[in-house]
Amino acid sequence: MSSNADESFLAELAAALRRVRLEAIVVGNVASILAGAPVLTQDVDLLVRDTPPNRRKLIKLAEAIGGVGPESISELTSTERIYGAAVPVDILYDRLIGGLTFASIRSRAREERVGRETLVVASLEDVIKSKTAAGRAKDRAALPILNDTLAVRRALAKKP
Amino acid sequence: MNARDAGRRGGRQRSAAKRAASRRNGALGGRPTKAQTLRGDMQAARAKLADRNLDIDPGDLDLILERLCRTPNSGRRFFIRPRQGGGFVF
């Protein structure tokens, strides 16, 4: 998949979210990348509220991006996955590890342009908090560069 | 009153060559290429960070600045995919 195809897929996802009227927040490494972190990922993580209407919208979302599901990926987690799209899309419900609720993440989230569309994206601080709490090896490996990215963003935001 | 009435030369300020160049990215007198714009933005960011004493590996800092300076539709990379037979590909 070329880099232009990467952004095209995210734009397609954003357009599909808009069409099915599903409020979703991009979390995980795609949020990190949109915040400037030089990392790559294998999937897109979306945080949504777990409600019956949203469950129906997720099925429409999967169809809209050429996938199926969402389906459970393990009995050990409530995370589900949309399979078959150009990139797997993981669906997380209501909260992230680290005591982060949908509402609290939404309150700090920002809008980011992808292609001609817009995605709601979790703040880098929230991504770092969640990965720190998760503590998996792959999360711990990414934390130094995410913290460096946050330091650069803060330094650039400071007035001279 | 037009420019000529006001004592200025008026008329076309740029040669035909420059007008043509303005439609070609990177040409003399034309718009900068996206790469030139990215380099300029990165140089401005580096200058702003020069006295901040960030304890960050210079190579990592460069990668972060490049990502921060890239705009939508400028070739941003997000995904890596596993290959059949092992390894990953962009």
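Residues numbered from 1 in each chain as written. Chains lettered and ligands numbered in written order. Predicted model: local features only at pLDDT ≥ 70, side-chain atom pairs only at ≥ 80, totals over all residues. Heavy atoms only, no water.

Caption draft 1: Representation of the pattern of salt bridges within the structure. Residues and elements named next belong to chain A. Throughout the structure, instances matching the rule amount to 15 salt bridges over all chains. Note that Glu 23 is salt-bridged to Arg 49, the shortest N-O span being 3.1 Å. Residue Glu 23 is located in the loop between helix H1 (3-20) and strand S1 (24-27), and its partner Arg 49 is located in the loop between strand S2 (44-48) and helix H3 (52-64); the two are separated by 26 residues in the primary sequence. In this structure Glu 23 comes out as partly exposed when scored by relative accessible area, which is 38%. Between Arg 81 and Asp 43 there is a salt bridge; the shortest N-O distance is 3.5 Å. In this pair, Arg 81 sits in strand S4 (residues 80-83) while Asp 43 sits in the loop between helix H2 (28-34) and S2, placing the two residues 38 residues apart along the sequence. Put simply, Glu 23, Arg 49 and Arg 106 are held in one network by salt bridges that share partners. (Salt bridge = Lys/Arg side-chain N within 4 Å of Asp/Glu carboxyl O. Helix = DSSP H or I, 4+ residues; strand = E, 2+ residues; numbered from the N terminus. Buried < 20%, exposed > 50% of the residue type's maximum accessible area, 1.4 Å probe, protein only.)

Caption draft 2: Seen up close, the environment of Asn 29 of chain A. Residue and element names in this part refer to chain A. Tracing the chain through its elements places Asn 29 in helix H2. A sequence separation of eleven residues divides Asn 29 from Leu 40, and the C-alpha atoms of the two residues are 7.1 Å apart. In this structure, Asn 29 is in contact with Val 39, Leu 40, Thr 41 and Lys 131, ignoring residues within four places of it in sequence. (Contact = heavy atoms within 4.5 Å.)

Caption draft 3: Just a nonpolar patch on the surface, in detail. Taken together, the side chains of Val 68, Ile 73 and Tyr 83 of chain A make up a nonpolar region of the molecular surface, amounting to roughly 240 Å² of accessible area. Note that Tyr 83 of chain A resides in strand S4. (Patch = residues over 30% accessible without salt bridge, like charges linked within 9 Å, V, L, I, M, F, W, Y side chains within 5 Å. Areas by Shrake-Rupley, 256 points an atom, 1.4 Å probe, with all protein chains shown as cover.)

Caption draft 4: Region of the structure containing the interface of chain A and chain B. Listed by partner, the interface residues are 36 residues for chain A and 26 residues for chain B. Of the roughly 2700 Å² buried between chain A and chain B on both sides combined, carbon and sulfur atoms contribute 64%. At the junction of chain A and chain B, the tally comes to one salt bridge. Connecting chain A to chain B are twelve residue pairs in polar contact (both at pLDDT 80 or more). The element contributing the most residues to the side of chain A that touches chain B is helix H6 (residues 137-157) of chain A, with eight residues. Its residues placed into classes, the side of chain A that touches chain B shows 21 nonpolar, seven polar and eight charged. (Buried area = accessible area lost by both parts, 1.4 Å probe. Polar contact = N/O pair within 3.5 Å; in protein donor to acceptor, adjacent residues only side chain to side chain. Nonpolar A, V, L, I, M, F, W, Y, C, P; charged D, E, K, R; others polar.)

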